[in-house]
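Each chain, written out:
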Amino acid sequence: MIRTFETHKIRKAAELSSALWNFHTIGTQGEEAVIQAPVPGCWENYPDTVSYRGQASYSREFEAKGNIRLEFKGVSHTASVLVDGKPVGSHYNAYTPFDVVLKDIRPGIHQLEVIADNSFGPDSALHVPNDYQSYGGISRGVVLEELGEAYLSWIHFTPFLRKDGWYGKAEICVRNLSSGRLDGSVEVEIGKNSFAVLPIVLEGEEEKSFSTQELPCPWAECWSPESPVLYLITAVLRTADGAADDIIDRVGFREIRTEGKDILLNGRKLRIKGFCRHEDHPQFGCALPFSAMQHDLMLIKDLGANSIRTVHYPNDELFLDLCDEQGILVWEENHARGLSEENMRNPHFKQQCGDCIREMITAHYNHPSIYIWGILNECASDTEYGRECYSEQYELIKSLDPYRPRSSASCRFKTDICLGYPEVVSYNIYPKWYHDVPVEDYLDELYQWIQNESEGTGKPFLITEIGAGAIYGYRTPAHVKWSEEYQVQALKEQLQAVFTREGCSGVYIWQFCDVRVCDSWFGSRPRTMNNKGIVDEYRRPKLAYEVVKDSYRSLGNYF
């Protein structure tokens, strides 16, 4: 399953995932494993490769002819794609989609091979040993599409709330695969409403985007957590021969902006009640199936939350579809966590971060649930070189999407020098866990510094991580750390302080569920897990579940 709705009616498309592929390891770590493996999947969940780092091959046959497009929603960490034994594409980063377009392939059966590599090394600036597991495999869906002489690469839709109602603007990217000139038009429809017709002209093998003006949408209804109204947006490419291609996505009419210290959703002051959530499951690794994604969302909604922070990478688009449908606000961020200045000076860092941001925003622009873009969680925002990197990435986001707020989750207590760039100031704090001080005092000291001594003064403020560890089932009247009782005690004080802090727009609890971490973190992570989840890795509620539920459900979505 790729999306929760059909994305083409004219263009022929077939899912190559949701199937068994031939799998074998490549390398010297013991005997070669050769099996049939499910795609999507992570090889850490296969019996013979639970701790394997290195290269592995996935292969299967497909039938096609002419121009085709192979889309990969996620391969970890790197992918080399071969068709009939010939290299046709490559990609770095597990968490963003990429495609390979092939022209004029012969009719018949073809062999597709993907060589995935989950090893660490100097060529990888973002995939490093970390406080979450970096899995290997084809972890998200794969699609085969048949193309004509030209096709629609993507469509982006931006809603605008004006005094007299909703307006919208569409931008459509068209690629000409032929060597000849292309004359045609693109018709855009939203729901059952005609929106615009754009004339297009492309030279041979040219790719170009075309934009509409801001046009009124008097029939539009608001998307919100209480009423997540969605519309299919359809673009049809027409040439002299008729309808040549189409692309279908889904949009919602909602406005996100900041005003002073407030985050406004459709003009209302928003209160965030959220969880940080890793894509991680003991049975599926990071390749959670549809039912497991929805189970997580059912628990999150039961807890009274209205938002999820996708730590620390872009999420599977299927999960974002579910958030769109159920009114869950999403903080989505690029792939970088806890990097020092030395890490950020890796010669590949800027390019790999930039690629991740471009791929994330291009693919996920239309999701109304995404209300903020995040970058560089807990990186070197207290150094001059770090400041340069933050500035460049914030500018890149603004060039791709000038309408959503931007932020970074910082842990630099009273030393961050990058707070002048984002629209929202965000901090990860752990009083009562890493710092044995009263939460209210710690939070007040930080907030006063932001307002009086930093460039973040007067901006909305979020707590993007807070919490305490607890090992499921460890209970003791001593209320010591790692016990479920201590987690309850800490969260009560933490949530009380955050929700009574004037000027604070809300909180993301670290974290929704316990997750596996890289083996090198074993010394500070019992069970080689990050154990701060409100539920354990199997989604069994800890004692803190009811405490968070009582707190979140007692508060509305708005101030």
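Summary of the structure given here. (Residues numbered from 1 in each chain as written. Predicted model: local features only at pLDDT ≥ 70, side-chain atom pairs only at ≥ 80, totals over all residues. Heavy atoms only, no water.)

**Focus on the overall build of the protein**
For step 1, the next point in the chain: Scanning the protein from N- to C-terminus turns up eight helices and 32 strands.
For step 2, the next point in the chain: Compactness check: the protein gives a C-alpha radius of gyration of 24 Å against a globular reference of 24 Å for 559 residues, within 12% of the reference.
For step 3, the next point in the chain: Looking at the protein residue by residue over its 559 residues, the buried ones come to 59%.
For step 4, the next point in the chain: Taking as baseline every contact in the protein between residues at least 6 positions apart, the subset at least 24 positions apart corresponds to 71%.
For step 5, the next point in the chain: Accessible area for the protein stands at about 21,500 Å²; split by element, carbon and sulfur atoms hold 48% of it. (Helix = DSSP H or I, 4+ residues; strand = E, 2+ residues; numbered from the N terminus. Rg over C-alpha atoms; globule rule 2.2 N^0.38 Å. Buried < 20%, exposed > 50% of the residue type's maximum accessible area, 1.4 Å probe, protein only. Contact = heavy atoms within 4.5 Å. Areas by Shrake-Rupley, 256 points an atom, 1.4 Å probe, with all protein chains shown as cover.)

**Re the side chain of His-278**
For step 1, the next point in the chain: Along the chain, His-278 turns up in the loop between β22 (272-276) and α1 (290-302).
For step 2, the next point in the chain: A polar atom in the side chain of His-278 sits 2.9 Å from the backbone oxygen of Val-311.
For step 3, the next point in the chain: Within the structure, the side chain of His-278 is placed 2.9 Å from the side chain of Tyr-313, a separation counted as a polar contact.
For step 4, the next point in the chain: What His-278 contacts, discounting residues up to four positions off in sequence, is Asp-131, Tyr-132, Val-311, His-312, Tyr-313, Trp-510, Gln-511 and Val-515. (Polar contact = N/O pair within 3.5 Å; in protein donor to acceptor, adjacent residues only side chain to side chain.)

**Here we look at the pairing of strand β25 (residues 370-374)**
For step 1, the next point in the chain: In terms of burial, β25 is a largely internal element, five of the five residues being buried.
For step 2, the next point in the chain: As defined by bridge partners, strand β24 (residues 329-333) adjoins β25 across four bridges and the pair is classed as parallel. Note that in β25 the partner of Glu-332 across the bridge is Trp-373.
For step 3, the next point in the chain: Tracing the backbone out of β25, into helix α5 (residues 384-400) and back to the parallel element strand β26 (residues 406-407) gives a crossover that is right-handed. (Pairing = 2+ DSSP bridges. Right-handed = clockwise from strand over helix to strand, strands pointing away.)

**A short note on the pattern of salt bridges**
For step 1, the next point in the chain: Considering all chains together, one arrives at 47 salt bridges under this definition.
For step 2, the next point in the chain: A salt bridge links Lys-432 to Glu-493, with the nearest nitrogen and oxygen atoms 3.9 Å apart. Here Glu-493 lies in helix α7 (residues 484-499) and Lys-432 lies in the loop between β28 (425-428) and α6 (439-453), a separation of 61 residues in the sequence.
For step 3, the next point in the chain: For Glu-493, a relative accessible area of 30% gives the class partly exposed.
For step 4, the next point in the chain: The network of salt bridges with common partners includes Arg-3, Arg-11, Arg-69, Glu-71, Lys-73, Asp-99, Glu-145, Asp-245, Asp-249, Glu-317 and Asp-321. (Salt bridge = Lys/Arg side-chain N within 4 Å of Asp/Glu carboxyl O.)

**Considering the sheet that holds strand β29 (residues 461-465)**
For step 1, the next point in the chain: Strand order across the open sheet formed by nine strands is β26-β25-β24-β23-β22-β30-β29-β28-β27, with parallel pairing between neighbours. At either end of the open sheet lies a strand with only one pairing partner, and these are β26 and β27 (409-410).
For step 2, the next point in the chain: Both strand β23 (residues 307-310) and β24 contribute to a ladder of four bridges, which runs parallel. Within the sheet, the bridge partner assigned to Ile-308 lies in β24 and is Val-330.
For step 3, the next point in the chain: Sheet strands touched by helix α2 (residues 317-326): β23, β24 and β25. Its angle to β24, the strand with the most contacts, is close to 155 degrees.
For step 4, the next point in the chain: Running over the sheet, α7 touches β22, β29 and β30 (504-509) and is turned about 155 degrees from β30. (Axes fitted to C-alpha atoms, helices over the stretch in contact; angles between N-to-C directions.)

**Let's talk about the environment of Arg-527**
For step 1, the next point in the chain: Following the sequence through the fold, Arg-527 ends up in the loop between β31 (515-516) and β32 (529-530).
For step 2, the next point in the chain: Of the residues examined, Arg-527 reaches a relative accessible area of 39% and is grouped as partly exposed.
For step 3, the next point in the chain: When the C-alpha positions of Arg-527 and Lys-103 are compared, they lie 50 Å apart, and in sequence the two are 424 residues distant.
For step 4, the next point in the chain: Apart from residues no more than four positions distant in its own chain, Arg-527 is found in contact with Ile-471, Asp-514 and Glu-537.

**Comments concerning the sheet that holds strand β21 (residues 268-269)**
For step 1, the next point in the chain: Read from one edge of the open sheet, three strands run β19-β20-β21, paired in antiparallel fashion. Two strands in the sheet have a free side with no partner beyond their single neighbour: β19 (256-259) and β21.
For step 2, the next point in the chain: One ladder, built from four bridges, connects β19 with strand β20 (residues 262-265); its direction is antiparallel. Note that in β20 the partner of Arg-257 across the bridge is Leu-264.

**Focus on the packing of aromatic side chains**
For step 1, the next point in the chain: One pass over the full model with this rule turns up 25 aromatic pairs.
For step 2, the next point in the chain: With centroids separated by 5.6 Å and ring planes inclined at 90 degrees, the aromatic side chains of Tyr-231 and Phe-253 adopt a geometry described as edge-to-face. Of this pair, Tyr-231 sits in strand β17 (residues 231-239) while Phe-253 sits in the loop between β18 (242-251) and β19, and the two are 22 residues apart along the sequence. Just as Tyr-231 is buried, Phe-253 falls in that class too.
For step 3, the next point in the chain: Over the ring of Phe-559 we find Lys-269, and its NZ or CZ is 4.7 Å from the ring centre.
For step 4, the next point in the chain: The aromatic ring of Tyr-365 is capped on one face by Arg-404, whose charged end is 5.6 Å from the ring centroid. (Phe/Tyr/Trp six-rings, centres within 6.5 Å; stacked < 30°, edge-to-face > 60°. Lys NZ or Arg CZ within 6 Å of the ring centre and 35° of its normal.)

**Brief notes about the layout of surface pockets**
Take a probe with the size of a water molecule and roll it over the atoms, and the empty space left behind shows itself.
For step 1, the next point in the chain: A volume near 900 Å³ is recorded for the largest pocket.
For step 2, the next point in the chain: Around the largest pocket, the lining comprises 36 residues; the ones closest to its centre are Arg-69, Glu-71, Lys-73, Ser-153 and Ile-247.
For step 3, the next point in the chain: For the lining of the largest pocket, the elements supplying multiple residues, two or more each, are β1 (13-15), β4 (55-72), β8 (98-117), β10 (142-147), β11 (150-162), β18 and α4 (349-364).
For step 4, the next point in the chain: When residues of the lining of the largest pocket are assigned to their parent elements, the largest contribution, five residues, is made by β11.
For step 5, the next point in the chain: In the lining of the largest pocket, the residues fall into 14 nonpolar, seven polar and 15 charged. (1 Å grid on protein atoms, 1.4 Å probe; cavity = no way out; pocket = protein on both sides within 12 Å on 5 of 7 lines; lining within 4 Å. Points joined across faces, edges and corners; volume = space filled by probe spheres on them. Nonpolar A, V, L, I, M, F, W, Y, C, P; charged D, E, K, R; others polar.)

**Considering the nonpolar core**
For step 1, the next point in the chain: Phe-275, Met-344 and Phe-461 are the most contacted members of the largest nonpolar core, which has 74 residues in total.
For step 2, the next point in the chain: Considering every element that reaches this core, the biggest residue donor is α6, with seven residues.
For step 3, the next point in the chain: Formed by 29 residues, the second largest nonpolar core is a distinct cluster that contains Ala-37, Tyr-46, Tyr-52 and Ala-79. (Core = buried A, V, L, I, M, F, W, Y, C linked by side-chain atoms within 4.5 Å.)

**Examining empty space enclosed by the protein**
For step 1, the next point in the chain: Summed over all chains, the structure comprises three cavities of 30 Å³ or more.
For step 2, the next point in the chain: Within this model, the largest cavity holds a volume of roughly 60 Å³.
For step 3, the next point in the chain: Residue lining of the largest cavity: Lys-73, Tyr-95, Pro-97, Arg-140, Asn-315, Asp-316, Glu-317 and His-364, and that is the complete set.
For step 4, the next point in the chain: Grouping the constituent residues of the lining of the largest cavity by class yields two nonpolar, two polar and four charged.
For step 5, the next point in the chain: The calculated volume of the second largest cavity comes to roughly 40 Å³.

**Focus: unusual backbone geometry**
Note: most peptide bonds trans; most residues except glycine with negative phi.
For step 1, the next point in the chain: Pro-40 follows Val-39 through a cis peptide bond whose omega is 5 degrees.
For step 2, the next point in the chain: With respect to the helices and strands, Pro-40 occurs in the loop between β3 (34-39) and β4.
For step 3, the next point in the chain: Note the cis peptide between Trp-510 and Gln-511, where omega equals 0 degrees.
For step 4, the next point in the chain: Structurally, Gln-511 can be placed in the loop between β30 and β31.
For step 5, the next point in the chain: The backbone of Lys-432 sits at a positive phi, close to 80 degrees, despite the residue not being glycine.
For step 6, the next point in the chain: Residue classification places Lys-432 among the buried positions, given a relative accessible area of 19%.
For step 7, the next point in the chain: Positive phi, normally seen in glycine, also occurs at Arg-539, with a value near 70 degrees.
For step 8, the next point in the chain: For Arg-539, a relative accessible area of 5% translates into the label buried.

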